[in-house]
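# Analysis of the macromolecular model
Spelled out, the chains give:
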Amino acid sequence: MAKETVRFEASEGIATVTLDRPDRLNAIDDALARDAAAALARAGADGAVRCVVLTGAGRAFCAGADLKQFEDPASAPSPGDVLRRRYHPLIETLVGLGKPTVAAVGGVAAGAGMSLALACDLRVAADDARFIQAFVRIGLVPDSGATYFLPRMVGWAKALELAMLGEPLDAQAALALGLVTRVVPAASLLEEARALARRLAAGPTRALAETRRALAYGARADLAAALDYEADLQAQLALSEDFREGVASFREKREARFTGR
Ligand code: T3D
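The paragraphs below set out a description of the structure included in this document. Within each chain, residues carry numbers counting from 1 in the order of the written sequence. Local features in this predicted model are restricted to residues of pLDDT 70 or higher, and side-chain atom pairs are both shown and tallied only at a pLDDT of 80 or more, whereas totals for entire chains, interfaces and linings draw on every residue. Side-chain measures here rest on the full set of heavy atoms in the structure, leaving out hydrogens and waters.

With that settled, consider helix 9 (residues 223-237). Quick reminder: α-helices carry 3.6 residues per turn. Residues three or four places apart thus point the same way. The way it works is that DSSP assigns letters per residue, a run of H or I at least four long becomes a helix, a run of E at least two long becomes a strand, and they are numbered from the N terminus. Working rule for helices: expected span equals 1.5 Å times residues minus one. A rise of 1.5 Å per residue sets the reference length of helix 9, with its 15 residues, at 21 Å; its end C-alpha atoms lie 21 Å apart and thus fit the reference within 8%. Summary of the burial criterion: residues with accessible area below 20% of their type's maximum are buried, those above 50% are exposed, and those between are partly exposed, where the area comes from a 1.4 Å probe applied to protein chains only. Those residues of helix 9 that fall on the buried side of the exposure criterion are Ala226, Leu233 and Leu237. One side of helix 9 carries all its buried residues, which in axial view fall inside an arc of 40°. Turned more than 90 degrees away from the buried face of helix 9 sit Ala224 and Asp228, all of them exposed. Where helix 9 is buried, its residues meet helix 8 (205-220) and helix 10 (241-251). Working definition: the arc comes from the directions between the helix axis and the C-beta atoms, pointing outward to the latter. A contact between two residues is defined here by any heavy atoms of the two lying within 4.5 Å.

Pasting the structure below:
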């Protein structure tokens, strides 16, 4: 039987999805992309899961595309087809999960591996983390959502610099750019990421998912359209149990007990 390339575990409302090809720094091949998308979909479908942590086994988060597949370029499939078949479903599953997501980035996040981290809602970086727009080093353009996420997160000038130079961005520099939420000691990366995930999981998770959607919409809409979109979402969320609970907890001067419904 083929070795699993992704591990899935769920407890206390948190699913942890671990990319698990440490001998190749969790580089992405067909099996890993398929298994990661399946693990994320499983987390999305599990009503008990309210937040997802994505991480990598060993000394890397993910080194991007498995370059050993290009050892014989003549027989390698076209990257355009590979992106559509392998990476796009993975990124779209991650972004469309309907639950908050946290990337726990230890070691290197390169190429499409960096894109995976960017596609998560929040990023916790170990102090040994390095983010690399590695695409330029092999003569490609940023992909797997990097052209969408990176300029929106760090601004046009910095995105071009990172993408054109392909130099590593260390954890502190990523923090200064706002790319990561916090930097923690490598030894406590998962613990810290899960602590953040627990906080999100205890929140109004449906409103959190709609917040992501609304910000993405707002980034490409004009003001009138964004105002309209917000009003539609608020009308739906006002019918939610979480909204009733949020208002009740305010009136009763107590902590809210949100359920994501
Ligand atoms: O068709 C398509 O798929 C198109 C899609 C493209 C999307 C992309 O992601 S393009 C970008 C692809 N990624 C890269 O270009 C990064 C390549 N890797 C590196 O530059 C370096 O390995 C790192 C900077 C990530 C880490 O450097 P370092 O010195 O810490 O580790 P290392 O010694 O280079 O790597 C350790 C092992 O992992 C090594 O194996 P070995 O020689 O000990 O057997 C190395 O070959 C392997 N490895 C690292 N990255 C990849 C990889 N194996 C396959 N694919 C990799 N991407």
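That covers the picture; the talk isn't over yet.
Glancing now at the pairing of strand 5 (residues 101-105). Among the five residues of strand 5, five are classified as buried, and the element is accordingly described as predominantly covered. Residues of strand 5 alternate between two faces, with Thr101, Ala103 and Val105 on one and Val102 and Ala104 on the opposite face, all of them buried. When DSSP finds two or more bridges between a pair of strands, those strands are recorded as paired. Bridge analysis of strand 3 (residues 51-56) against strand 5 gives four bridges, and the strand direction is parallel. Along strand 5, the bridge assignment pairs Val53 with Val102. Where strand 5 and strand 7 (residues 122-126) come together, four bridges link them in parallel fashion.

The next point concerns the site of the ligand. Residue proximity to a molecule or strand is established when one non-hydrogen atom of the residue lies within 4 Å of it. Around the ligand, the surrounding shell holds 28 residues, and the nearest of these are Arg59, Ala63, Ala65, Leu67 and Ala112. Polar contacts, as counted here, are pairs of nitrogen or oxygen atoms within 3.5 Å of one another; within protein the pair requires one atom able to donate a hydrogen and one able to accept it, and residues that are adjacent in sequence qualify only if both atoms are side-chain atoms. In the environment of the ligand, a nitrogen atom lies 2.9 Å from a nitrogen or oxygen atom belonging to the backbone of Leu67. In this description, accessible areas are obtained by the Shrake-Rupley approach with a 1.4 Å probe, and a residue is regarded as covered only by the protein chains that are shown. Isolated, the ligand exposes 1,100 Å² of accessible area, and the fraction of that covered by the protein chains is 71%. The method works on a 1 Å grid over the protein atoms by themselves. A cavity is a set of points holding a 1.4 Å probe that cannot get out, a pocket is an open set with protein on both sides within 12 Å along at least five of seven lines, and residues with an atom within 4 Å of a point line them. Being in a pocket or cavity means that more than half of the molecule's atoms lie within 2 Å of its grid points. When atom positions are compared with the pocket grids, the ligand is found to occupy the second largest pocket. Going through the elements one at a time, helix 2 (79-95) and strand 8 (130-132) are the ones with two or more residues in the shell around the ligand. The greatest single-element share of the shell around the ligand, amounting to five residues, is contributed by helix 2. Each residue belonging to the shell around the ligand can be placed in one class, and the counts come to 16 nonpolar, three polar and nine charged. Here the nonpolar group is Ala, Val, Leu, Ile, Met, Phe, Trp, Tyr, Cys and Pro; Asp, Glu, Lys and Arg are the charged ones; every other residue, Gly included, is treated as polar.

Nonpolar side chains collect at one region of the surface, where Trp156, Leu160, Met164 and Leu165 lie side by side and expose about 490 Å² of accessible area between them. Structurally, Leu165 is set in helix 5 (residues 156-165). What makes a patch is a set of residues exposed beyond 30% relative accessible area and free of salt bridges, joined within 9 Å when like-charged and within 5 Å when nonpolar (Val, Leu, Ile, Met, Phe, Trp, Tyr). By definition here, a salt bridge exists when the distance from a side-chain nitrogen of Lys or Arg to a carboxyl oxygen of Asp or Glu is within 4 Å.

This next bit is on the packing of helix 1 (residues 30-45) against helix 2. Structural elements are reduced to axes, namely lines fitted to C-alpha atoms, with helices fitted over the stretch in contact, and the angle between N-to-C directions of any two is expressed from 0 to 180 degrees. Direction vectors running N to C along helix 1 and helix 2 enclose 20°, while the axes themselves pass 9 Å from each other. Between helix 1 and helix 2, the interaxial angle falls into the category roughly parallel. Helix 2 is crossed by helix 1, and the crossing has left-handed handedness. Only Arg85, Arg86, Leu90, Thr93 and Leu94 of helix 2 make contact with helix 1, whose side of the interface consists of Asp30, Ala33, Ala36, Ala37, Leu40 and Ala41. A class-by-class count of the residues in the contact of helix 1 with helix 2 yields seven nonpolar, one polar and three charged. Angle categories: roughly parallel below 35 degrees, roughly antiparallel above 145, roughly perpendicular from 65 to 115, and oblique for all the rest. Here a crossing is called left-handed whenever its near helix is offset anticlockwise from the far helix by less than a right angle, and right-handed whenever the offset is clockwise.

The next subject is the sheet that holds strand 7. Read from one edge of the open sheet, six strands run 1-2-3-5-7-10, paired in mixed fashion. The strands lining the two open edges of the sheet, one partner per strand, are strand 1 (6-11) and strand 10 (182-184). Averaged over all neighbouring strand pairs, the angle between strand axes comes to 20°, with direction disregarded. Here strand 1 runs beside strand 2 (residues 14-19); their pairing, made up of six bridges, is antiparallel. Across the sheet, Ala10 pairs through a bridge with Ala15, a residue of strand 2. Strands in contact with helix 1 are strand 1, strand 2 and strand 3; relative to strand 1, the strand with the most contacts, it is inclined by about 15°.

Now for the packing of aromatic side chains. Only centres within 6.5 Å qualify two rings of Phe, Tyr or Trp (six-membered ring in Trp) as a pair; their planes then separate them into stacked at under 30 degrees, edge-to-face at over 60, and tilted for everything else. Evaluation of the coordinates by the stated rule reveals two aromatic pairs. Taking the centre distance of 5.1 Å and the plane angle of 90° together, the rings of Tyr148 and Phe149 count as edge-to-face. Here Tyr148 falls in the partly exposed class, since its relative accessible area comes to 30%. By relative accessible area, Phe149 is classed as buried at 13%.

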